[in-house]
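Listed here are the chains, written in short residue letters.
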Amino acid sequence: MSRSVLMLPGDGIGPEIVAEAEKVLNKVNDQFDLGLQFETGLVGGAAIDETGEPLPSDTLERAKKADAIVLGAVGGPQWDKLEMAKRPEKGLLGLRSNLELFANLRPAILYPQLASASSLKPEVVSGLDIMIVRELTGGIYFGQPRGVRELDGGERQGFNTYIYSESEIRRIGRVAFEAAQQRNGKLCSVDKANVLEVTVLWREIMEELAKDYPDVELSHMYVDNAAMQLVRAPKQFDVIVTGNMFGDILSDEAAMLTGSIGMLPSASLNSEKQGMYEPCHGSAPDIAGQGIANPLATILSGAMMLRYSLGEEKAAEAIEAAVSKVLDQGLRTADIMSEGAKQVSTREMGEAVLAAL
Ligand code: IPM
Ligand code: MG
C-alpha cells in the first residue's frame, strides 16, 4: 500500500528541520516497509516569493489528496508588512481551515534527560506529561466580522470576533474526553467563563459531554489561573482542552516547562484522522540558515504522524526511542544545551537520530 506524505518546509528554520525529519522518516519507511511516498510543496513566505500567494492552489489540492502533511514553519520579518490576508501565516491557517483540522494535539512531555534545561526546578517538572487539546479552526482566529475600520471623526478601531458554535465545541470536546480516557482520566477545560459568554457556552457543553464519559474527571479553570498553575504545579494536569487562542498561548507556556519549545511536536487532525504535523515552534528567523535549530520537534511530529494518521505505532515508537537515545548520549542543540553535554548542529542531531534507529 502506498501512502503519500506532503512535506511543506516553509520559512526560516523550516527547511533545515524538515530536511532532518525527512531523512528520519525515509529510514523508518525502509525499516518498517511503510510504503510512504514523499513530495514537497510551497507554503508561507516561500510560496509568496514564488507565486504571490501564501497558500497556492496547487499546494492546497495536493494537501487535500495527501494521507498526511509535515509542515516546518511559516513567517518572517520580510513579509510582516504585507496585508493580513497575504501574510505567510495565512498559508498555515488556510491549510488548517480548508482541511478542517480542528483538533490540535500538543503533548508537553519532559524527557528526564532534559530536566535541567527547564526554567523550573527539576522536582516541579520531572515526570511531566500533559496533553493540550487546542481547538484549531474556530474561535477568535477565524471569527467574523474582523478588521480595522474608521469611526466617525477618523479614529481607527480594530476588531475581531470570538465565536464558537455548539457543534464546534462538542467535536473538540469529544476528542479531549477520548484522549483523557486513554491517559489518566483527567480533563481540565480552560475558559474565561467569568467574563466571556462564548466560553460560558463552552463550559456548558463540556459539562453536557461529561455525562457520556463517566470514567473521565472533568474540571474547569479560568485561563489566567491556568497560566499560573502551569508554572506553579504543572503536574496537576493530564489533558487540557481549550479554544484556539488560549491554546496557542498555553501551549507555548507548557513547551517551556519541557526545557525548550524546540522539543514540542503537534498533530492537527480532522474527523477522518487526516492530519498535518508540525513543530509547535515558529520559523525562528533570528537563527535561520545557521544550522543550529533543534530538529527534534519536527522529527517527533513525524512520529505523531505515523501514530495518528498512518496507524504505524511501531515505527512511531522507534523514532521516539531513537530521540530518547540521542539525548541519553548527551547530544544537545543550542536551545537545550547544558553543562557537560555536547553541542551539535541541526544536521548532526538528525544524523544521530538516524544512527540510533
Ligand atoms: C502556532 C503558531 C500559529 C498560531 C501562527 C504561526 C499562526 O503560533 O501554531 O501555535 O497562532 O496558531
Ligand atoms: Mg503558537
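Residues numbered from 1 in each chain as written. Chains lettered and ligands numbered in written order. Predicted model: local features only at pLDDT ≥ 70, side-chain atom pairs only at ≥ 80, totals over all residues. Heavy atoms only, no water.

Engineer: Account for the overall build of the protein chain, with residues named and values stated.
Structural biologist: Per the secondary structure count, the protein chain includes 12 helices and 14 strands. Over its C-alpha atoms the protein chain spans a radius of gyration of 20 Å, differing by no more than 12% from the 21 Å that the globule rule assigns to 357 residues. Taking the principal axes of the C-alpha coordinates as reference, the protein chain spans close to 60 × 50 × 45 Å. For the protein chain, the proportion of its 357 residues judged to be buried stands at 53%. Put simply, the protein chain shows about 15300 Å² of open surface, and 50% of that area lies on carbon and sulfur atoms. (Helix = DSSP H or I, 4+ residues; strand = E, 2+ residues; numbered from the N terminus. Rg over C-alpha atoms; globule rule 2.2 N^0.38 Å. Buried < 20%, exposed > 50% of the residue type's maximum accessible area, 1.4 Å probe, protein only. Areas by Shrake-Rupley, 256 points an atom, 1.4 Å probe, with all protein chains shown as cover.)

Engineer: Would you mind going over the site of ligand 1 in detail, with residue names and values included?
Structural biologist: Surveying the vicinity of ligand 1 reveals the residues Glu89, Leu92, Arg96, Arg106, Arg134, Tyr141 and Asp248. Take Arg96: an N or O atom from its side chain is 2.7 Å from an oxygen atom of ligand 1. For ligand 1, an oxygen atom lies 2.5 Å from a polar atom in the side chain of Tyr141. Surface burial for ligand 1 is 78%, taken as the share of its 320 Å² of free accessible area covered by protein chains. Broken down by element, the shell around ligand 1 gets its largest block of residues, three residues, from helix 4 (residues 88-98). For the shell around ligand 1, the two domains that each supply at least three residues are domain 1 (1-105 + 262-357) and domain 2 (129-257). (Near = heavy atom within 4 Å. Polar contact = N/O pair within 3.5 Å; in protein donor to acceptor, adjacent residues only side chain to side chain. Domains from an automatic or database assignment.)

Engineer: I'd like a rundown of the domain arrangement of the protein chain, residues and numbers included.
Structural biologist: Interface size, as often reported, equals the accessible area lost upon joining of the parts. The domain boundaries assigned to the protein chain delineate domain 1 (1-105 + 262-357) and domain 2 (129-257). Across the contact, 14 residues belong to domain 1 and 16 residues belong to domain 2. Summed over both partners, the interface of domain 1 with domain 2 buries about 1300 Å², with 67% contributed by carbon and sulfur atoms. The largest per-residue losses of area from domain 1 upon contact with domain 2 belong to Phe102, Asn104 and Leu105, which jointly make up 45% of the total buried on that side. The interface formed by domain 1 and domain 2 contains one salt bridge. The closest approach of N and O atoms between Arg171 and Glu100, which form a salt bridge, is 3.1 Å. At the boundary of domain 1 and domain 2, one finds three residue pairs in polar contact (both at pLDDT 80 or more). Sorting the residues of the side of domain 1 that touches domain 2 by element identifies helix 4 and strand 4 (103-109) as the ones contributing at least two each. It is helix 4 that provides the largest number of residues to the side of domain 1 that touches domain 2, a total of four residues. (Contact = heavy atoms within 4.5 Å. Buried area = accessible area lost by both parts, 1.4 Å probe. Salt bridge = Lys/Arg side-chain N within 4 Å of Asp/Glu carboxyl O.)

Engineer: Please give an account of helix 9 (residues 244-257) that cites residues and values.
Structural biologist: Helix length check: helix 9 (14 residues) gives 20 Å between terminal C-alpha atoms against 20 Å at 1.5 Å per residue, within 8%. Buried within helix 9 we find Asn244, Phe246, Gly247, Leu250, Ser251, Ala254, Ala255 and Leu257. On an axial view of helix 9, the arc spanned by its buried residues comes to 160 degrees, and they lie on one face. Phi turns positive one or two residues past the end of helix 9, at Gly259, with a value near 110 degrees. (Expected span 1.5 Å × (residues − 1). Arc of directions from axis to C-beta.)

Engineer: I'd love a proper account of the nonpolar core, names of residues and values included.
Structural biologist: Counting residues in hydrophobic clusters, the biggest one holds 67 residues, and the most contacted among them are Phe177, Leu187, Met206, Met305 and Leu306. When we break this core down by domain, the ones giving at least three residues each are domain 1 (1-105 + 262-357) and domain 2 (129-257). The residues touching Leu187, leaving out its near neighbours within four places in the chain, are Ala176, Phe177, Ala180, Val216, Glu217, Leu218, Ser219, Val239, Ile240 and Val241. With 22 residues, the next largest nonpolar core counts Ala115, Met221, Leu230 and Phe237 among its residues. (Core = buried A, V, L, I, M, F, W, Y, C linked by side-chain atoms within 4.5 Å.)

Engineer: An account of the pattern of salt bridges is needed here, citing residue identities and associated values.
Structural biologist: Enumeration over the complete set of coordinates arrives at 18 salt bridges. Ionic pairing is found between Arg3 and Glu312, a salt bridge with its closest N-O pair at 2.8 Å. Separated by 309 residues along the polypeptide, Arg3 in strand 1 (residues 3-10) and Glu312 in the loop between helix 10 (296-308) and helix 11 (313-328) bring together distant segments of the chain. Residue Arg3 is classed as buried on the basis of its relative accessible area of 9%. Three or more residues are tied together by salt bridges with common partners; here these are Glu20, Lys23 and Glu351.

Engineer: Residues and numbers for the environment of Ala176, please.
Structural biologist: When you line up the elements, Ala176 lands in helix 6 (residues 166-182). With relative accessibility at 0%, the residue Ala176 sits in the buried group. Discounting residues that sit within four places of it in the chain, Ala176 has contacts with Val133, Leu187, Val239 and Val241.

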